[in-house]
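# Per-entry structural report
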Amino acid sequence: MAIWHAPAARRPKTHVRWIAGVVGALCVLLGAVLVAHPFRSVAVLVLLVAVGMAVAGLGELASARASAMPRVALLVGVAWVVAGLLVILLPGVAIGTITVLAGVALIVAGVVDVVTGLRGAADQRVTVVVRGVAAVVFGVLALSWPDITEIVVAVVFGARLVLVGVDLVATAVRPGHGKRVLPRWTRTVAAVCALVVAVALLVVSVRVHGAAPRPDAFYDPPSDAPTTPGLLLRSEPFTRGVPAGARAWRILYTTTRDEGVPATASGLVLAPENAPPGPRPVIAWAHGTTGATPGCAPSLAADPFGPGAIPAAAEVLARGWVVVATDYPGLGTAGPHPYLIGQGEARSVLDAVRAARHLGGVDLAERTVVWGHSQGGHAALWTGILAPTYAPQTNVLGVAALAPASDLSGLVDNLGGLRQATVLAAYVIESYSEIYPDVDYSAMVRPTARLQAREMAGRCLTEPSITVTVMTSLLFDRPIWNGDPTSGAFGARLRENTPTGPIPAPLLVAQGGSDPLILPSVQDGYVRRRCATGGVVDHRTYPGRDHLGVVAPDSPLLPELLAWTQDRLDNRPAPTTCPT
């Protein structure tokens, strides 16, 4: 979008001046709003940008006659108006449309600026060319990060609108005069600052994209891989972040997502370096949410055994226990990932234990206690349900579900009120729509949220680009759902994956009293229903602890969890908080 500079020799007509003045004032107003408040709702932001496009086009048309390339300026103006009207008239595809239109428009406008600058007067050349290059870079960035294009456009496009508006108003008020409202050097400084910011963001973008974890060849299963679940396909020593006094391996093994649906999964095995002789008890660890796409596996993380990764890992090793930690399918291996889908999660937990028994260098006992947090708590509950029939040889002696996603309908309903949890909603619908043919993604997600939700679902919580997801979540003033997510096919699938089946092994349910994600009231209801079916449940709540705080290194839960686990391994009677 070329900024109009009316030469003194060509005085605009009165009615053209009047139109230019009005359009200029609108440009300044819209641009100021976009720059000052980029983190408004998606719908409002799209509308403002669309109107801004149309107004910018009118500005181009009003200034086309005075441009160095009037025909090009006329075409650019028409293109801006048409783009703005398309976004306004087609709200159902507004987000997808605006990401392309805005990015391409910035690039085209930048190219026009560069050509105009090179053909213009010498004193304008540097400013206009630099401004044009900055616009091209911003356009490339907008196309590279489609879910935050609205934010990029809001700030960059808004700033351009302000400058265009100032020029139009100045020319309308003082036609034919060489004087300007703003000195020429301020425009040069603004153009240089824009280019510096654009280049800096481009460098950050390249580094962020490059830092995203990517599975290596280890995670590719052999072409002739067997379909029998629980078989070890591949293993190798693992050294990244391994605690002192321990040794580790990463494994690739066979599993099933559901009955008759074979899959492969990866995982880690962590054992004490100097373990006592004899087979060692197993802690089957089911990790919390890390993402929903290949690259999000904990075994690919920079620090897979760091704080918050595996609770009380040092104490577990000190007791001589071995940790078998699945990645689940679809996070290291090919997808789809069974996010909050009980069968796929639980089978991969149990098959990891079965596969690890074939690992050389470590001797595993047929005594297993399952631990899981958040998503992993959901997986742990389902593991307790499936173990007796699917993998009885694992001999599950206890299940510890820590802040588990136990009531999926209640969880999804709560996600709607938490902007920061929008990414979790994106993971759920991405997984369910990929695995269940009756769950229609387009029917479940609002049109104006589909692009952002898709992009969110493609990022891992541990990669640098999650900052973009956080920024995007600020744009949502209401849930991404199109209607009630607990109804229809999606609601039925949520209820199907709520872990209500019998768990023969003793069960510990630990909950933070200040958890905003897994609400204590929802957890209380789940425990009451499980107690009513005759289960043995030890339900413990920790006041002041939130979702992550309940498994933090200083949490009072951890020593209690270790003691509870030792009792299960020693076959002591299990306590219960269920009323007799």
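Our subject is the structure that appears above.
Residues numbered from 1 in each chain as written. Predicted model: local features only at pLDDT ≥ 70, side-chain atom pairs only at ≥ 80, totals over all residues. Heavy atoms only, no water.

This part takes up the side chain of Thr498. By the secondary structure assignment, Thr498 is in the loop between helix 16 (488-496) and strand 8 (507-512). Assessed through its relative accessible area of 11%, Thr498 is described here as buried. A distance of 3.0 Å separates a polar side-chain atom of Thr498 from the backbone oxygen of Leu494. Setting aside residues no more than four positions away along its own chain, Thr498 makes contact with Trp382, Ser406, Asp407 and Leu408. (Helix = DSSP H or I, 4+ residues; strand = E, 2+ residues; numbered from the N terminus. Buried < 20%, exposed > 50% of the residue type's maximum accessible area, 1.4 Å probe, protein only. Polar contact = N/O pair within 3.5 Å; in protein donor to acceptor, adjacent residues only side chain to side chain. Contact = heavy atoms within 4.5 Å.)

Before going further, it helps to spend a moment on a nonpolar patch on the surface. Nonpolar side chains collect at one region of the surface, where Leu58, Leu61, Leu74, Val78, Val82 and Leu86 lie side by side and expose about 460 Å² of accessible area between them. Secondary-structure elements contributing two or more residues to the nonpolar patch are helix 2 (42-63) and helix 3 (70-89). At four residues, the largest contribution of residues to the nonpolar patch is made by helix 3. Checked against the element boundaries, Leu74 lands in helix 3. (Patch = residues over 30% accessible without salt bridge, like charges linked within 9 Å, V, L, I, M, F, W, Y side chains within 5 Å. Areas by Shrake-Rupley, 256 points an atom, 1.4 Å probe, with all protein chains shown as cover. Salt bridge = Lys/Arg side-chain N within 4 Å of Asp/Glu carboxyl O.)

When two helices pack together, you describe them by how their axes are tilted relative to each other and by the distance separating the axes. Contact geometry of helix 12 (residues 422-435) with helix 16 gives a least axis separation of 11 Å together with a crossing angle of 95 degrees. When the axis of helix 12 is compared with that of helix 16, the two are roughly perpendicular. Note on element contacts: helix 16 touches helix 12 through Phe490, Arg493 and Leu494, opposite Val428, Ile429 and Tyr432. Of the residues assigned to the contact of helix 12 with helix 16, the class counts are five nonpolar, no polar and one charged. (Axes fitted to C-alpha atoms, helices over the stretch in contact; angles between N-to-C directions. Parallel < 35°, antiparallel > 145°, perpendicular 65-115°, else oblique. Nonpolar A, V, L, I, M, F, W, Y, C, P; charged D, E, K, R; others polar.)

Another point: helix 18 (residues 557-569). Residues three or four positions apart in an α-helix share a direction because the helix packs 3.6 residues into each turn. Between its terminal C-alpha atoms helix 18 stretches 18 Å, which fits the 18 Å expected from 13 residues at 1.5 Å a residue. Among the residues of helix 18, Leu557, Leu558, Leu561, Leu562, Trp564, Thr565, Arg568 and Leu569 are the ones counted as buried. Viewed along the axis of helix 18, the buried residues span an arc of 165 degrees, placing them on a single side of the element. In this structure, the buried residues of helix 18 make contact with strand 4 (280-286), helix 8 (313-318), strand 6 (364-373), strand 7 (396-402), strand 8 and strand 9 (537-542). Where helix 18 terminates, the next one or two residues include Asn571, which has phi positive at roughly 60 degrees. (Expected span 1.5 Å × (residues − 1). Arc of directions from axis to C-beta.)

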